[in-house]
Amino acid sequence: MASENSPLLAYRLLGEEGMAFSANGAGGPGGASPRKLSTFLGVVVPTVLSMFSIVVFMRIGFVVGHAGLLQALAMLLVAYFILALTVLSVCAIATNGAVRGGGAYFMISRTLGPEVGGSIGLMFYLANVCGCAVSMLGLVEAVLDVFGTDATGPSGLRVLPQGYGWNLLYGSLLLGLVGGICTLGAGLYARASFLTFLLVSGSLASVLISFVAVGPRDIPLTPRPGPNGSSMPYQVGHFTGFNSSTLKANLAAGYAQDYTTGAMMTFASVFAVLFNGCTGIMAGANMSGELKDPSRAIPLGTIVAVAYTFFIYALLFFLSSFTCDRTLLQEDYGFFRSINLWPPLVLIGVYAASLSASMSSLIGASRILHALAQDDLFGLILAPAKVVSRGGNPWGAVLYSWGLVQLVLLAGKLNTLAAVATVFYLVAYAAVDLSCLSLEWASAPNFRPTFNVFSWHTCLLGVASCLLMMFLISPGAAGGSLLFMGLLSALLTARGGPSSWGYVSQALLFHQVRKYLLRLDVRKEHVKFWRPQLLLLVGNPRGALPLLRLANQLKKGGLYVLGHVTLGDLDSLPSDPVQPQYGAWLSLVDRAQVKAFVDLTLSPSVRQGAQHLLRISGLGGMKPNTLVLGFYDDAPPQDHFLTDPAFLEPADGPREGGPPSLSTLFPPPRAPGSPRALSPQDYVATVADALKMNKNVVLARACGALPPERLSRGSGGTSQPHHVDVWPLNLLRPRGGPGYVDVCGLFLLQMATILGMVPAWHSARLRIFLCLGPQEAPGAAEGRLRALLSQLRIRAEVQEVVWGEGAGSREPEEEGGEFENCGRGDAETEALASSANALVRAQQGRRGGGPCGPEGADGEEGPSTALTFLYLPRPPADSARYPHYLTLLDILSRDLGPTLLIHGVTPVTCTDL
């Protein structure tokens, strides 16, 4: 996926004349093409011609004859109400920055991002393709009305054979003519459009004059085939001139069978045909790459064209219902020719309008496709659409579009295809309104369009109106188009997209997150809604990948922050060394597939950096409450980048132009015996600092021994059952009695229970070891603990072990904490830690032998211990004893396999509802 190298708003200095947009249009090598078209030629003319198309000449009678004047005017108001809301959004987006080639696609994609913008851009491309096919079919219908063997009028020449195959041939020939003109470039198209505009304007003028100048007359109608193949009775339509009786008869609706398709008409089907004729409001925006000043031309030209076409449509509806009876309107859609002062002038207008609308749709579709190809959103499949001529015309995209229109022509009937094309246009219009709504709701400072006659109310109403009319017109086509757009968005999301476009979703998320963070009041926190919010300090992620993933499993939907301290002093450095590191750490988070934030800091020491991160990480009510550290031991660091499948690089190295390998962004692991950035004294001091700041502490040891399936996502039930052992007693300060399950012990139970909720740990069985004092009778404490577990809704196996003979009778010898055994001799406390380690190892191997323990006396085979939770005692008050404290922790947790030593300082369990 190629990324966009230049920013959205590119400028160049023009000396004393200030700033101007650079000529970055669609097409041409390097993306540059000459911008020559003015507001009138580039926007007004193509928009007017696209909004008139075949409908203004060939479907006025269809709409008024079936719907009646009142409903026809209601349809027109609804259609133009939707169009007006969309025009407001288009004008706002077009005046908020430089608009390049691609028109509406460029606006949507640079606002909503490549995933949504690319899918909607392709839908808008399909709408233009279908619109071109509708114009072609209307042109074929108009030609055959005069020259076909079944011509409808009395003056028909009847020289062209008719039938599905012949009609397809005529459409293909006319499409070849249109495609040839579009292939030659936008300049020729603009000149041809201006000539067409003059012809259409002259033809419409003759039609309006004829309503007044022509007297009443009877118009014979060609007999239609009956339901059984027999001919219908001969009919005559009446042009009555201005007659109040005719107007009264045409006020109400009179839906009947459409003689071109044989289908019974309804409000939705008639509206679909009418709306399809009014959907050319993007014709000027599609030419954005060829306009001199698109930010001014698109709003001004589009508004002028919409107002002009609305006036002409309303006038024709009124004149037709005042002068033509219902039979003429329903049975001869081309009655303008029959009542005109000079009938050939109407034919000229019909042919010119149809050719121009088809050219506008085809060249608009090619510009959208070229922009999609330039952005590389759909890969090689659109690569030929990048080809441009020497003058910058994307003839490759024109040929692509021509071929697709040729396929659509197989549908054969204008009224059948109109509903599908209308739904596609409504999807695109809803997306434009949604883009403007998103920008308005995001309240981004850089969204300040010069056109400000809009609000979020108009945008929201536009989105709702488009979606409502889509499902009223064709529920099947509407649902199918939305499903197709969703699949395209999923495909583009899977492929990834350019990050330099800007995503309005990020702006909306920022806006909403800021609002809800302000409402997340820490004063309203309650223990029953507590969740762990972790700060994991990582020195080098190469050796910490298993711990990084285990912490991700422990967070239970809470905040998870990866912290790293870079040693240094900003006063002595030319620039901040931390900022360039964020990209590497964010890539690490993506590759490891963990839901974590990254927080980096610069500090003279790791301890001070940890204090900084503990104080300032997070925001408002989302701040870390638990510090997670790797264990400080002499085990040689492992490089998990070399063994983890998610971090293995391709054999041929990273792709050229792609992001650098993570192996080059992080230094190799520390060599065994090399000096560390953190001393044992500072390591224990960091633990003590966290506890002083009322943060819970987790020390993780030997997490690299965890099997990969235990650290994966969603692998519950697939691995062999294991035990998770919890020792909710300070084994270095043994004491019996019913009060031993304190706040810290309950914190251990909570963390072990949270881990068991993770799919990868569903098969693990929780074991809680109940330590009995020398004077305590077996069974009593177990009963109390089981009652507590029942209240806490924790399912676990409880086992009693004897521990603490002769140790619980001594009074504390040191003030200021639970680590009273430091007051004993070093040999005595180390022997106590060694005994506690042997006890834990023996219980690990009790049922068939754990990974590190001996086989139990009973010799039964069973699950081994996958993870052990141990009570972490507080560091001693005397900092001089920190190294000895660390030695005791090392003895206590040695050879236990993966172990978490935890000290909790906050209540985390609740028995109330």
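Placed above this text is the structure.
Reading the values: rules and limits
Residues numbered from 1 in each chain as written. Predicted model: local features only at pLDDT ≥ 70, side-chain atom pairs only at ≥ 80, totals over all residues. Heavy atoms only, no water. Helix = DSSP H or I, 4+ residues; strand = E, 2+ residues; numbered from the N terminus. Buried < 20%, exposed > 50% of the residue type's maximum accessible area, 1.4 Å probe, protein only. Contact = heavy atoms within 4.5 Å. Areas by Shrake-Rupley, 256 points an atom, 1.4 Å probe, with all protein chains shown as cover. Disulfide = S-S within 2.5 Å. Salt bridge = Lys/Arg side-chain N within 4 Å of Asp/Glu carboxyl O. Pairing = 2+ DSSP bridges. Axes fitted to C-alpha atoms, helices over the stretch in contact; angles between N-to-C directions. Expected span 1.5 Å × (residues − 1). Arc of directions from axis to C-beta. Core = buried A, V, L, I, M, F, W, Y, C linked by side-chain atoms within 4.5 Å.

Thoughts on the overall build of the protein
Here is step 1: What the protein contains, in helices and strands, is 29 helices and 14 strands.
Here is step 2: When burial is assessed residue by residue, the protein has 55% of its 913 residues classed as buried.
Here is step 3: Considering only contacts within the protein whose residues lie at least 6 apart along the sequence, 80% involve residues at least 24 apart.
Here is step 4: When the accessible surface of the protein is split by element, carbon and sulfur atoms take 61% of a total near 38,100 Å².

Brief notes about the state of the cysteines
Here is step 1: In this structure the tally under the stated criterion is zero disulfides.
Here is step 2: Looking at cysteine 132, it has no disulfide partner, and the nearest cysteine sulfur is the one in cysteine 182, 7.5 Å off.
Here is step 3: Free cysteine cysteine 436: the closest other cysteine sulfur is in cysteine 459, separated by 3.5 Å.
Here is step 4: The exposure class assigned to cysteine 436 is buried, which follows from its relative accessible area of 0%.

Structural notes on the pattern of salt bridges
Here is step 1: Following the criterion strictly, the structure yields nine salt bridges and no others.
Here is step 2: Among the ionic pairs, arginine 701 bridges to aspartate 633, the shortest N-O distance being 3.4 Å. In this pair, arginine 701 sits in strand β9 (residues 696-701) while aspartate 633 sits in the loop between β8 (626-630) and α23 (662-665), placing the two residues 68 residues apart along the sequence. Exposure class is identical for arginine 701 and aspartate 633. Each is buried.
Here is step 3: Each of Asp633, Arg701, Asp890 and Arg894 takes part in one network of salt bridges that share partners.

Structural notes on the environment of valine 207
Here is step 1: Along the chain, valine 207 turns up in helix α7 (residues 186-213).
Here is step 2: Considered as a pair, valine 207 and glycine 349 are 142 residues apart in the sequence and their alpha carbons are 9.9 Å apart.

A short note on the pairing of strand β11 (residues 765-772)
Here is step 1: Across the eight residues that make up β11, a large majority, seven, are buried.
Here is step 2: Two strands pair when backbone bridges link them, and strand β10 (residues 723-727) and β11 are joined in this way by four bridges, in the parallel orientation. Within β11, the position partnered with aspartate 725 by the bridge is arginine 767.
Here is step 3: In this structure, β11 lies alongside strand β12 (residues 797-802), joined through six bridges in parallel fashion. Paired with isoleucine 768 across the two strands is valine 798, which belongs to β12.

What to know about the sheet that holds β8
Here is step 1: Taken together, 10 strands build an open sheet; the order of strands is β7-β6-β5-β8-β9-β14-β13-β10-β11-β12 and the sheet is mixed. Each of the sheet's edge strands pairs with one partner strand only, and the pair in question is β7 (597-603) and β12. Across the sheet, the mean angle from the axis of one strand to that of its neighbour is 25°, orientation sign disregarded.
Here is step 2: Across the sheet, helix α21 (residues 582-592) is in contact with β6 (560-567) and β7; its angle to β7 comes to roughly 145°.

Regarding helix α17 (residues 456-473)
Here is step 1: Under the 1.5 Å per step criterion, the end-to-end length of α17 is 26 Å for 18 residues, consistent within 8% with the ideal 26 Å.
Here is step 2: Residues Thr458, Cys459, Gly462, Val463, Ser465, Cys466, Met469, Met470 and Ile473 constitute the buried set of α17. All buried residues of α17 project into a common sector of 165° when viewed along the axis, lining one side.

Notes on the nonpolar core
Here is step 1: Of all hydrophobic cores here, the largest spans 154 residues; its most connected members are Phe57, Phe211, Met282, Tyr313, Leu316, Phe317 and Phe336.
Here is step 2: Broken down by element, the residue count for this core peaks at 19 residues, all from helix α3 (residues 60-94).
Here is step 3: Discounting chain neighbours no more than four positions away, the residues touching phenylalanine 211 are Phe239, Phe242, Leu316, Leu319, Ser320, Thr323, Cys324, Phe335, Phe336 and Ile339.
Here is step 4: If you look at the next biggest cluster of nonpolar residues, it comprises 66 residues, including Trp530, Ala551, Ala760 and Leu867.

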